[in-house]
Amino acid sequence: MTQSPNRLLAALPPNAFAAIAPHLKTVALKFGDVLAEAGSPIRQVYFPYAGLISLVVELDVGSMIETAMVGRDGALNAASALDGKVSLNKGIVQMAGSAGTIDVNRLRRLANEHEQLRSLLIRHEQVLFAQSQQSAACNASHTVEARMCRWLLYMRDLAGSDELMLTQEFL
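Predicted model only: the values in this text are computed from it and were never measured.

**Looking at the overall build of the protein chain**
And step 1. Assigned secondary structure in the protein chain consists of five helices and five strands.
And step 2. In the protein chain, the succession of α and β elements from N to C terminus is α-α-β-β-β-β-β-α-α-α.
And step 3. Going through the 171 residues of the protein chain one by one, you find that 37% of them count as buried.
And step 4. In the protein chain, the share of contacts with a sequence separation of at least 24, taken over all contacts with a separation of at least 6, comes to 74%.
And step 5. As displayed, the protein chain has an accessible area near 9700 Å², and 56% of this comes from carbon and sulfur atoms.

As structure tokens, this is what we get:
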């Protein structure tokens, strides 16, 4: 049995997980919930157990561009434990689920006490950065059909299920 349904937390050594576990509170992630606003102070870090969170950039014209997704393999606002103070993205629940959440100051203290936790959070931020770069490259060089296939397959991987609860929006 793994320590957590979140793969980032499950990858921690038992002593680091034991330090963080009592401070995690399970919350429901409801479709459309805004968990972070670009430029706003970070108060909570979310470790999804199920569901997906889209990291988006809002454009002046009112639309949004998704730059990355966070699922059960990662965390939203993890950079805050590395001394980030404000969110760089808007975080919106794309697919309902649940997450463990922890106060940002508590996580920062724990990351300073447990090198393994800090190292894992750094690597996670590197992966999100690479994901964002890949997304930009794909948007610039592939057809809309190819981009949609990539997006659906990645959502499936993050959700860990062949069933994806999606909605369609018309403008």
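**Describing the pairing of strand β4 (residues 64–70)**
And step 1. Two strands pair when backbone bridges link them, and strand β3 (residues 44–58) and β4 are joined in this way by six bridges, in the antiparallel orientation. Each residue of the ladder has a partner; that of L55, found in β4, is A68.
And step 2. From the end of β3 to the start of β4, which pair antiparallel, there are five residues, and G62 there has a positive phi angle of about 100°.

**Side note on the nonpolar core**
And step 1. L9, L12, I20, F47, I102, L107 and L121 are the most contacted members of the largest nonpolar core, which totals 23 residues.
And step 2. Put simply, the parts of the chain that give this core at least two residues each are α1 (7–10), α2 (14–20), β3, α3 (104–113) and α4 (115–141).
And step 3. Ignoring sequence-local partners within four residues, the contact set of L121 consists of L8, F47, A78, A81, L82, L107 and A111.
And step 4. Listed in part, the 12 residues of the second largest apolar core include L29, A36, A68 and L128.

**Thoughts on a nonpolar patch on the surface**
And step 1. A surface patch of nonpolar side chains, about 340 Å² in accessible area, is lined by V57, L59, V61 and I65.
And step 2. With respect to the helices and strands, V57 occurs in strand β3.

Rules and cut-offs
Residues numbered from 1 in each chain as written. Predicted model: local features only at pLDDT ≥ 70, side-chain atom pairs only at ≥ 80, totals over all residues. Heavy atoms only, no water. Helix = DSSP H or I, 4+ residues; strand = E, 2+ residues; numbered from the N terminus. Buried < 20%, exposed > 50% of the residue type's maximum accessible area, 1.4 Å probe, protein only. Contact = heavy atoms within 4.5 Å. Areas by Shrake-Rupley, 256 points an atom, 1.4 Å probe, with all protein chains shown as cover. Pairing = 2+ DSSP bridges. Core = buried A, V, L, I, M, F, W, Y, C linked by side-chain atoms within 4.5 Å. Patch = residues over 30% accessible without salt bridge, like charges linked within 9 Å, V, L, I, M, F, W, Y side chains within 5 Å. Salt bridge = Lys/Arg side-chain N within 4 Å of Asp/Glu carboxyl O.

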